[in-house]
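# Geometric and topological summary
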Protein chains: 4
Amino acid sequence: MEGIPEVMKMAEIIVPVLTPFNDGKINIELLKEHTSSLLKAGVDRIFVNGTTGMGPALSPGEKETNLKAVLEVTDKVIFQVGSLNMGEVKSLAREGKELGVKTIASYAPYYFTGLPKSLIVRYFKEICGEHDEVYLYNYPSAVGKDVDAETVKEIGCLKGVKDTNDSINHSLQYKRVNPGMKVFNGADTLVMTSIATGLDGTVSAAANFVPEVLVEIRRKVSEGKVGEAMKLQFMVDELVSLAKGYGYIPSIYVLVKGIRGYDVGNPRPPLFPLGDVERKELLDKAIKIMEKYNKNEA
Amino acid sequence: MEGIPEVMKMAEIIVPVLTPFNDGKINIELLKEHTSSLLKAGVDRIFVNGTTGMGPALSPGEKETNLKAVLEVTDKVIFQVGSLNMGEVKSLAREGKELGVKTIASYAPYYFTGLPKSLIVRYFKEICGEHDEVYLYNYPSAVGKDVDAETVKEIGCLKGVKDTNDSINHSLQYKRVNPGMKVFNGADTLVMTSIATGLDGTVSAAANFVPEVLVEIRRKVSEGKVGEAMKLQFMVDELVSLAKGYGYIPSIYVLVKGIRGYDVGNPRPPLFPLGDVERKELLDKAIKIMEKYNKNEA
Amino acid sequence: MEGIPEVMKMAEIIVPVLTPFNDGKINIELLKEHTSSLLKAGVDRIFVNGTTGMGPALSPGEKETNLKAVLEVTDKVIFQVGSLNMGEVKSLAREGKELGVKTIASYAPYYFTGLPKSLIVRYFKEICGEHDEVYLYNYPSAVGKDVDAETVKEIGCLKGVKDTNDSINHSLQYKRVNPGMKVFNGADTLVMTSIATGLDGTVSAAANFVPEVLVEIRRKVSEGKVGEAMKLQFMVDELVSLAKGYGYIPSIYVLVKGIRGYDVGNPRPPLFPLGDVERKELLDKAIKIMEKYNKNEA
Amino acid sequence: MEGIPEVMKMAEIIVPVLTPFNDGKINIELLKEHTSSLLKAGVDRIFVNGTTGMGPALSPGEKETNLKAVLEVTDKVIFQVGSLNMGEVKSLAREGKELGVKTIASYAPYYFTGLPKSLIVRYFKEICGEHDEVYLYNYPSAVGKDVDAETVKEIGCLKGVKDTNDSINHSLQYKRVNPGMKVFNGADTLVMTSIATGLDGTVSAAANFVPEVLVEIRRKVSEGKVGEAMKLQFMVDELVSLAKGYGYIPSIYVLVKGIRGYDVGNPRPPLFPLGDVERKELLDKAIKIMEKYNKNEA
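Under an unreviewed UniProt entry, the name given to chain A is 2-dehydro-3-deoxy-phosphogluconate, and the organism recorded is Sulfuracidifex tepidarius. In its Pathway (unreviewed entry) section, the UniProt record describing chain A reads: "Carbohydrate acid metabolism; 2-dehydro-3-deoxy-D-gluconate degradation; D-glyceraldehyde 3-phosphate and pyruvate from 2-dehydro-3-deoxy-D-gluconate: step 2/2." If you open the UniProt record of chain A and go to Subunit (unreviewed entry), you find "Homotetramer; dimer of dimers."

Printed below as a string of structure tokens:
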């Protein structure tokens, strides 16, 4: 066992779980079943109300509904509470604490550009006032602002970060500037790299439809088989790239059903569900990608 | 009067009106008073629930509250109804129609990146299904996607656009590709240019605190006095640049009170109101800017 | 004649003249003929060794060759001298002075990213040490850095600027911060706007192939006929957009020959000349665009 | 020795060697001495006329001078031949072949924006016509265009790539789309990640002043000690960040002399050498950074 990198074995695979809708309402049973299935596949924690979960499109009540459903299945939860209404954010944070949720998270206030840094700092400090373990969810390309390593240092109370960022260096800088902090990269294309380069893990939307592949990537890296891990990562890259052509979030619902074999409902408009022709096309292509990689490795 | 450009005289000045909060609730009376004051100053139409009005931070009920308050003062209204919940968007659009609002508007679904064009097109078509006169509110830097002139052509039912965009060429292209469309640029720094270059007007947040200056810019341009209009625009530029240093939206509340002399309440956190020291500093500097320009022109 | 904007009538139309090559060498006679033709069409000044002139691809000797050729035709010249070798830049500046060139210009050092502002300031100050009238050629998207209004103020010795920039506000800020400075925008799509909004004129590559149209745009604006000027601008927009699809600079050689009727040689690889099929296709489409707009206005 | 990742042990450390100038002329002896020193420190290959070598600022003759100087010391050379003059590029490529250089490289034509893809493809194909082993030097932020994995596939003849890119995923895609290709990332901040994630190595400007640290990072990664490698990478990050504040390339000359103890001349204006005060300040701070990290690890 000598020579096996210890750090890599501990890397976590966290899933930003989708929110199953039927007729515009959350289907609690489907969410619970999906959560169970992901945990059995080896996923470590469930990130609730993330982007894939359509967090910014949920009402405060819906965010709470999602949390409670997942808590019925597991306590390995990160509860995302962010919104553009501070009162609601704090109320959800308190709710999380009362329900015994170990970790909550929030993105920065989205949409509004040019916010002064002091306002961002204050936003997160107020959340820290309500809960002991708060993670930053940094997602500059969606949120329109970057809460970087230096800003996190200024905030002073954040215990971890999900950094959805093409730049792995950006993620690494959190560890340089804030040594005790847990750092997860959130790009589907950087699962292998995140683990190999010593981050604490990944929060990958692809874990909704290929959780076993991500678990296998982690195993390969921990055994020093980077070349084999890279091939699995490339399969994920191709699946994600394919799905993005149809709209990533709506496609995930189709891929979960098609690959994992159970229903997870639909997204909610304006994230319109795919039409029948698109569903079939997406799934056919996805299966071809998976077959191609499986043959190569045989 | 020969030689006076006809087009310019008709250019509209539209104000994206702020939303006055007290203790986290909309203060309807303050909104009505502010609306009246702006109309008296020469503003042509009121854009309700825009970015300055904190539209994305409002609940559906609050958006309706704002609309009804403004309708008590005037019917020259553009009612912004966009959100990340299609059902709520359509419901607000219907509400607008029932209340006799002539024009509604919507931004594209914000936050979610990489949405396919077909989804954007469908979003706006569904809104057009509910109302006769729908404007696009295009704001790429906040929304994360650009609904450009070609996409508008594909949507096919939009009657106007507020294009919040540093590129005046981007705004002009709507007119090239969609000849009958009303086109307004939404950048405070381009009021003079928008009018001089033949757009249908401007939707400028600065109209909240210096509406008379914008009206005067329009007059100067219509008289061919571009040099004088440019100086007024430069004064606006300096005020806006100053305000952005403190956070633009929170600063607007301070500037309305300080310059126009009446209370408009506060923004709502996480758009935290300015502290007392900041308020004083902002206002002192704003007054110095205005004095500097007034002296120059004396 | 009352009401005609005085400022607009003085707006200059400057052409960044192409460099005619045959077999990789500058064809001096073709350059002189093209220059003469442009001046007859109403262009005010010739910008030598600009981007369209392939300035960054020319040796110091070739830059001098271009200058001398144009000087045989006119003294209305702006001599661009910039490069990544300070000694050569200064030598060319001196050469320009000795030859009686009234105005020289330079872009900032291109390619190298992250240069400190002090270095940029020093670069231009050293050029000012060699010549009395130095213009900045600001072109952020090609040069990779923005020499903005505040930096120009710090440099302190620049008399004008060609700002190749989609943001007309960026160009206007030079006038706000440096009141005596001549400001020209360099975007083909902003000819009409530049004149209407009170800049000192335009430096437009399209002046190589449709100089009369730009002159007509200026006339229309000066007469307050902004709507008619806008249509002419839209024709230019469509021609430029078409040409960019084939590579803009190589296309300009084809359009000059096809529209103006005389040979201007070829660009030099790696700006490869268009093939015969592409030439025909480009020209056919260009003529259709021009016919469409001419009919509309008949 | 089981479990040690084989791939990582082979990762190459390539140095884009600086060009020592005195009075604006290349100092051949200093270049040879620096090259020897870097090879002794464990660097694998010398990248000549790269960005750090001020390639775009060199005449064709100077590029050849640099090559010949380095060839006197070693044949482990990558000869960068790119410029905006195709004839000169091809001539240098031939020269490299005649001199027995195994590998040449080129960036895409810089400065000119909006070049059609076909032109980029042809540029590299013409280079491949002159030499057997051609690498792409991809540097989008300096060159203004991205020659990505799909474009490389279309070019068809490139054997390797130096990808100067914050996105390690971008580098990895070359391997996915072009399986046989050698792929090196060129960001100083991604040395550890490049090796850990299975690329063929790194081309790092920091190898000019801390080559032993990069060699040590490689060793740590190959032993599975990612955490220790990360600390060394963070030291490099801080040094590079410090140096960039003074202008990166000019600072490298100071750091080589200060850290490695021998003279490498100066950069050439407009990359002006640092003044005495700046030199001292930079060096003092650099030494403090190195001491801080050395203590931590003691």
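### Observations regarding the relation of the copies chain C and chain D
Here chain C sits on chain D after a turn of 180 degrees about the axis and a move of 0.0 Å along it, with an RMSD of 0.0 Å. Here the symmetry operator amounts to a two-fold rotation axis. Taking the C-alpha atom as reference, chain C places C:Tyr111 closest to the rotation axis, 3.4 Å from it. In this assembly the copies share their binding face: 97% of the residues contributing to the interface of chain C also contribute to that of chain D.

### Quick look at the interface of chain C and chain D
Every contact between the two is made by 36 residues of chain C and, on the other side, 35 residues of chain D. Counting the surface lost from both chain C and chain D, the interface buries some 2,900 Å², and carbon and sulfur atoms represent 71% of this. The largest per-residue losses of area from chain C upon contact with chain D belong to C:Tyr111, C:Pro270 and C:Phe272, which jointly make up 27% of the total buried on that side. At the boundary of chain C and chain D, one finds 0 salt bridges. Counting the contacts that link chain C with chain D gives 4 residue pairs in polar contact (both at pLDDT 80 or more). Put simply, the parts of the chain that give the side of chain C that touches chain D at least two residues each are helix 5 (117–128), helix 6 (140–143) and helix 11 (226–245) of chain C. Looking at which element gives the most residues to the side of chain C that touches chain D, the answer is helix 5 of chain C, with 4 residues.

### A word on the side chain of B:Asn138
All names here are of chain B. Mapped onto the fold, Asn138 is located in strand 7 (residues 134–138). Reaching out from Asn138, the side chain makes a polar contact with the backbone nitrogen of Val147 at a distance of 2.9 Å. For Asn138, the side chain forms a polar contact with the side chain of Tyr174, separated by 3.1 Å. Setting aside residues up to four positions removed in sequence, Asn138 forms contacts with Lys145, Asp146, Val147, Val161, Lys162, Asp163, Thr164, Asn165, His170 and Tyr174.

### With respect to the confidence of the model for chain A
This prediction gives chain A a mean pLDDT of 96; 96% of its residues lie at or above 70. Confidence drops under a pLDDT of 50 for residues 1–8 of chain A, and excluding neighbours within four residues, the segment shows 18 contacts in the predicted structure.

What counts and what doesn't
Residues numbered from 1 in each chain as written. Chains lettered and ligands numbered in written order. Predicted model: local features only at pLDDT ≥ 70, side-chain atom pairs only at ≥ 80, totals over all residues. Heavy atoms only, no water. UniProt positions renumbered as here; feature names shortened; annotations may be inferred. Least-squares fit on C-alpha atoms with pLDDT ≥ 70 in both. Contact = heavy atoms within 4.5 Å. Buried area = accessible area lost by both parts, 1.4 Å probe. Salt bridge = Lys/Arg side-chain N within 4 Å of Asp/Glu carboxyl O. Polar contact = N/O pair within 3.5 Å; in protein donor to acceptor, adjacent residues only side chain to side chain. Helix = DSSP H or I, 4+ residues; strand = E, 2+ residues; numbered from the N terminus. pLDDT = per-residue confidence, 0-100.

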